Amino acid sequence: MKMYLEKLISGEDLTFEEMKEATSYCLEEATDVEIAALLTAMQAKGETADEIAGIVDVILSKSTLQVPTINDAIDNCGTGGDKSFSFNISTTSAFVIAGAGITVAKHGNRSITSKSGSADVLEALGVSLTLSKQHIEELLQENNIAFLFAPNVHASLKPFMKVRRDLGIRTVFNIIGPLTNPVQLNSQLLGVYDSAYCEMLAKTLKKLGRNRAVVINGAGRLDEATLAGENHLVLLDNGNITSLALSPEEVGLPMYSIEAIRGGDANRNAEILLDVLKGKKGAYYDTVLLNAGLGIFTSGKAKTIHEGIEKARESIESGEALKRLQYLIGFSKKVPREVV
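Quick caveat: nothing in here was measured; it's all calculated off a predicted structure.

Can you break down the packing of aromatic side chains residue by residue, with the values?
Under the definition given, this model contains 4 aromatic pairs. Pairing Phe 87 with Tyr 284 gives two aromatic rings, centres 4.9 Å apart and planes at 70°, and the pair type is edge-to-face. Within this pair, whereas Phe 87 is found in the loop between β1 (73-75) and α5 (89-99), its partner Tyr 284 is found in helix α13 (residues 283-299), the two being separated by 197 residues in sequence. Classification of Phe 87 by relative accessible area gives buried; the value is 2%. Residues Tyr 193 and Tyr 197 carry aromatic rings whose centres are separated by 5.9 Å and whose planes lie at 65° to one another, so their mutual orientation is edge-to-face. The same class applies to Tyr 193 as to Tyr 197, namely buried. Lys 207 extends its terminal NZ or CZ atom over the ring of Phe 16, reaching a point 4.8 Å from the ring centre.

Right, dumping it as structure tokens:
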């Protein structure tokens, strides 16, 4: 570890294999001081795609809920950290993507910087956070969507989490959460709070084996696409990485301010989610159309973002999106509340 710390402090990058070795050491025998030194040195130098992919590779290898039997799945989780207090955009959009016939392995956690994380709003709706691996697989196959609660699938990360809380500063863990989905994803829509990370995270997703991905920083510096102005996107498609810009008028949607999509606590955001899935028009609805449309485009099930938005609209208006949520709630009531 000393050699790796000296390398980072001198401004040198660690290789993929070196980062894997350092991460394994942190999870197995490192002291809190060593872990803090590693995270701080990485943050000060600036993380690379190889370093992030190395950390994620080790985390995934130790996951307690690996689901290798699902093919062609997508996730649309964001990093959080934008401090916009918006409603749960990606969680609502996940049901719309699933309603369009796409398998969504929705990875998420409780709130860290917002009033309601994906786990909080789903729990308020009656969705169980502690389903077994078998239940997750069944839901993905029968319902096109399941929720994977991060603490249940990454128990090995406790040494990092303790130090992260004690440090109280931004570390690599502020951006790697969406990368640690234990399902073998074919595609991914990943939102990030700072456009400076878009290309680097696209390269990381390429390293992790994604066939297609879109990394987005929304207008207003949100980790979701918004209708407040120009959104910055980086598209990964079969190994090729392209930067794009997307504004509301390009896809036939109106503009709204960031204030128009503010949410509240878990119960309020659950109401908003239900309203959208029931077809209530307005800023929340149109923002979900944009984000779900991007997810459908990312999956490859739409040739353009505009086509993805129309498929998202159909998913809501046909009732298919709402059915996915209702199935998940009903399933949660039938199975015992267990810890994975």
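Let's hear about the packing of α5 against helix α15 (residues 320-334): which residues, and what values?
Look at α5 against α15: their axes get within 7 Å of each other, and the N-to-C directions meet at 110°. Classed by the angle they form, the pair α5 and α15 counts as roughly perpendicular. Contact residues: α5 offers Phe 95, Val 96, Ala 98 and Gly 99, while α15 offers Glu 320, Ala 321, Arg 324, Leu 325 and Leu 328. Taken together, the residues of the contact of α5 with α15 sort by class into 6 nonpolar, 1 polar and 2 charged.

Describe helix α2 (residues 16-28), and please don't skip the residues or the numbers.
In an α-helix, one turn spans 3.6 residues; hence positions three or four apart end up facing the same way. For α2, built from 13 residues, the straight-helix expectation of 18 Å at 1.5 Å per residue is met to within 8% by its first-to-last C-alpha distance of 19 Å. Listed as buried for α2 are Phe 16, Glu 18, Met 19, Ala 22, Thr 23, Cys 26 and Leu 27. For α2, the buried positions fall inside an angular range of 165° around the axis, keeping them on one side. Residues of α2 that are exposed and point more than 90 degrees away from the buried face comprise Glu 21 and Glu 28. In this structure, the buried side of α2 is in contact with α1 (2-9), α3 (32-45), α4 (49-61), α9 (158-167) and α11 (198-207).

Describe helix α12 (residues 266-277), naming the residues involved and giving the relevant values.
For α12, built from 12 residues, the straight-helix expectation of 16 Å at 1.5 Å per residue is met to within 8% by its first-to-last C-alpha distance of 16 Å. Buried within α12 are the following residues: Ala 266, Asn 269, Ala 270, Ile 272, Leu 273, Val 276 and Leu 277. An end-on view of α12 places all buried positions within 160° of arc, on one side of the element. Residues of α12 that are buried in the fold lie against α5, α6 (118-125), α13, α14 (305-317) and α15. Taking the backbone nitrogen of Asn 267 as reference, a side-chain oxygen 3.2 Å away marks Asp 265 as the first, capping residue of α12. Looking one or two residues past α12, Gly 279 carries a phi angle of roughly 95°, positive in sign.

Cut-offs applied
- Residues numbered from 1 in each chain as written.
- Predicted model: local features only at pLDDT ≥ 70, side-chain atom pairs only at ≥ 80, totals over all residues.
- Heavy atoms only, no water.
- Phe/Tyr/Trp six-rings, centres within 6.5 Å; stacked < 30°, edge-to-face > 60°.
- Helix = DSSP H or I, 4+ residues; strand = E, 2+ residues; numbered from the N terminus.
- Buried < 20%, exposed > 50% of the residue type's maximum accessible area, 1.4 Å probe, protein only.
- Lys NZ or Arg CZ within 6 Å of the ring centre and 35° of its normal.
- Axes fitted to C-alpha atoms, helices over the stretch in contact; angles between N-to-C directions.
- Parallel < 35°, antiparallel > 145°, perpendicular 65-115°, else oblique.
- Contact = heavy atoms within 4.5 Å.
- Nonpolar A, V, L, I, M, F, W, Y, C, P; charged D, E, K, R; others polar.
- Expected span 1.5 Å × (residues − 1).
- Arc of directions from axis to C-beta.
- Polar contact = N/O pair within 3.5 Å; in protein donor to acceptor, adjacent residues only side chain to side chain.

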